[in-house]
Amino acid sequence: MPDIARNLKLVSDRITTASAERTDSSLRVVLIAVSKTVPIDLVKAAAEAGQRDFGESKLQEAAPKILGLPAYLEWHFIGRVQRNKVRKLLPLFKYIHAVDSFRLAAYIGEIASETSFLPKIFLQVNLGNESSKGGFSPDDLYQQMPALLDLRSVLIVGLMCIPPSTPDAESARPWFVMLRTLRNELQTKFQAKLPCLSMGMSGDFEVAIEEGASHVRVGSAIFGRRSYRVDGELG
Ligand SMILES: *Cc1c(COP(=O)(O)O)cnc(C)c1O
């Protein structure tokens, strides 16, 4: 069994060091411990070590963990969102990271308007224009931003990306710069508030933080290597 408390401490220390490297070092970085495929006991160990934010990519797998762990924990849905699951996602997840179309964002708003939940959503951007990944192209975002900002019952907090895989962390930097630049341009052009950037995983979270990440999604560096893949998701 991996030493979760120790791994968390190592990752937190690396986050602190990387945060000091950036221009706006006052911005707090939220560490999302990605617990997909991880048994509830290990998630509990992380919570007991002080970890508060967790990420899951499958509703069915996540629900028993969320319901079985303390209510003060905050859950981030980081997988691809299926429309027929939205109603069940809302009571469980405060954040939805991979909203990849206007239609989906509008639908989440529609369902949320029937409830007391105000989901915080990230718009996923497909920076590398990869057919295997969902997300808005930067052009889509320029066109659809006014309509997105008009949506009621969802709060668009920022942008998210899963960049094309790179041989090393440093090679991912241009993608992170691209996401931050896009966010900055959208904020200026549409006078929007998009404070959050969800970017960076176990292999490259320090680079992402140096380039302005507000949320890093870190799984294997905390919980160890995943022993199996989640269908249709990243490994
Ligand atoms: C699995 C996953 C992660 C975490 O990946 P690690 O490399 O284990 O840190 C981050 N983001 C998304 C969207 C994922 O599916």
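All figures in this text were calculated on a predicted structure; none of them were measured in a lab. (Residues numbered from 1 in each chain as written. Predicted model: local features only at pLDDT ≥ 70, side-chain atom pairs only at ≥ 80, totals over all residues. Heavy atoms only, no water.)

**Q** Tell me about the site of the ligand, residues and numbers included.
**A** Lys 36, Ser 202, Arg 217, Gly 219 and Ser 220 are the nearest of the twelve residues found near the ligand. Ser 202 is positioned such that a nitrogen or oxygen atom in its side chain is 2.5 Å from an oxygen atom of the ligand. In the complex, the protein chains occlude 94% of the 390 Å² of accessible area that the ligand would expose alone. Considering only residue class, the shell around the ligand consists of six nonpolar, three polar and three charged. (Near = heavy atom within 4 Å. Polar contact = N/O pair within 3.5 Å; in protein donor to acceptor, adjacent residues only side chain to side chain. Areas by Shrake-Rupley, 256 points an atom, 1.4 Å probe, with all protein chains shown as cover. Nonpolar A, V, L, I, M, F, W, Y, C, P; charged D, E, K, R; others polar.)

**Q** I'd love a proper account of the pairing of strand E5 (residues 120-124), names of residues and values included.
**A** Within E5, four of the five residues are buried, leaving the element largely enclosed by the surrounding structure. Where strand E4 (residues 95-99) lies against E5, three bridges are found, and the strand directions are parallel. What sits directly across from Val 99, in E5, is Leu 123. Considered for its hand, the β-α-β crossover made up of E4, helix H5 (residues 102-113) and E5 is right-handed. Relative to strand E6 (residues 155-160), E5 is paired through five bridges, and the arrangement is parallel. From the neighbouring strand, Ile 121 faces E6, where its bridge partner is Ile 156. The handedness of the E5 to E6 crossover, carried by helix H6 (residues 138-150), is right-handed. (Buried < 20%, exposed > 50% of the residue type's maximum accessible area, 1.4 Å probe, protein only. Helix = DSSP H or I, 4+ residues; strand = E, 2+ residues; numbered from the N terminus. Pairing = 2+ DSSP bridges. Right-handed = clockwise from strand over helix to strand, strands pointing away.)

**Q** Explain the packing of H6 against helix H7 (residues 173-190) residue by residue, including any values.
**A** Direction vectors running N to C along H6 and H7 enclose 45°, while the axes themselves pass 11 Å from each other. One finds that H6 runs oblique with respect to H7. Crossing of H6 against H7: the hand is right-handed. Residue-level contacts link Pro 138, Leu 141, Tyr 142, Met 145, Pro 146 and Leu 149 of H6 to Leu 182, Glu 185, Leu 186, Lys 189 and Phe 190 of H7. (Axes fitted to C-alpha atoms, helices over the stretch in contact; angles between N-to-C directions. Parallel < 35°, antiparallel > 145°, perpendicular 65-115°, else oblique. Left-handed = near helix turned anticlockwise from the far one by under 90°. Contact = heavy atoms within 4.5 Å.)

**Q** Talk me through the packing of aromatic side chains; I want residue IDs and the actual numbers.
**A** Given two aromatic rings, one states the distance between the centres and the angle between the planes to describe the pair. Under the criterion given, the structure shown has two aromatic pairs. When the centroid spacing of 5.1 Å and the interplanar angle of 80° are considered together, the rings of Phe 77 and Phe 93 count as edge-to-face. Pair noted here: Phe 77 is in strand E3 (residues 74-77) and Phe 93 is in the loop between helix H4 (86-92) and E4, with a separation of 16 residues, a long-range link. Both residues of the pair, Phe 77 and Phe 93, belong to the buried class. (Phe/Tyr/Trp six-rings, centres within 6.5 Å; stacked < 30°, edge-to-face > 60°.)

**Q** Residue-level account of the nonpolar core, with values.
**A** With 68 residues, the main nonpolar core has Leu 123 and Leu 141 as its most contacted residues. Residues in contact with Leu 141, not counting those within four places in the same chain, are Leu 123, Val 125, Phe 136, Leu 148, Leu 159, Leu 182 and Leu 186. (Core = buried A, V, L, I, M, F, W, Y, C linked by side-chain atoms within 4.5 Å.)

**Q** Can you tell me about the pairing of strand E2 (residues 53-56), naming the residues and giving the values?
**A** Here is the key point about a regular strand: its side chains alternate between the two faces of the sheet. Side-chain alternation along E2 places Asp 53 and Gly 55 on one buried face and Phe 54 and Glu 56 on a second face that is also buried. Pairing of strand E1 (residues 30-34) with E2 involves two bridges; the strand directions are parallel. Its bridge partner lying in E2, Val 34 is registered against Gly 55. In this region the chain leaves E1, passes through helix H2 (residues 40-48) and returns to the parallel neighbour E2; the handedness of that crossover is right-handed. Of the crossover connections in this fold, the one passing from E2 over helix H3 (residues 59-68) to the parallel E3 is right-handed.

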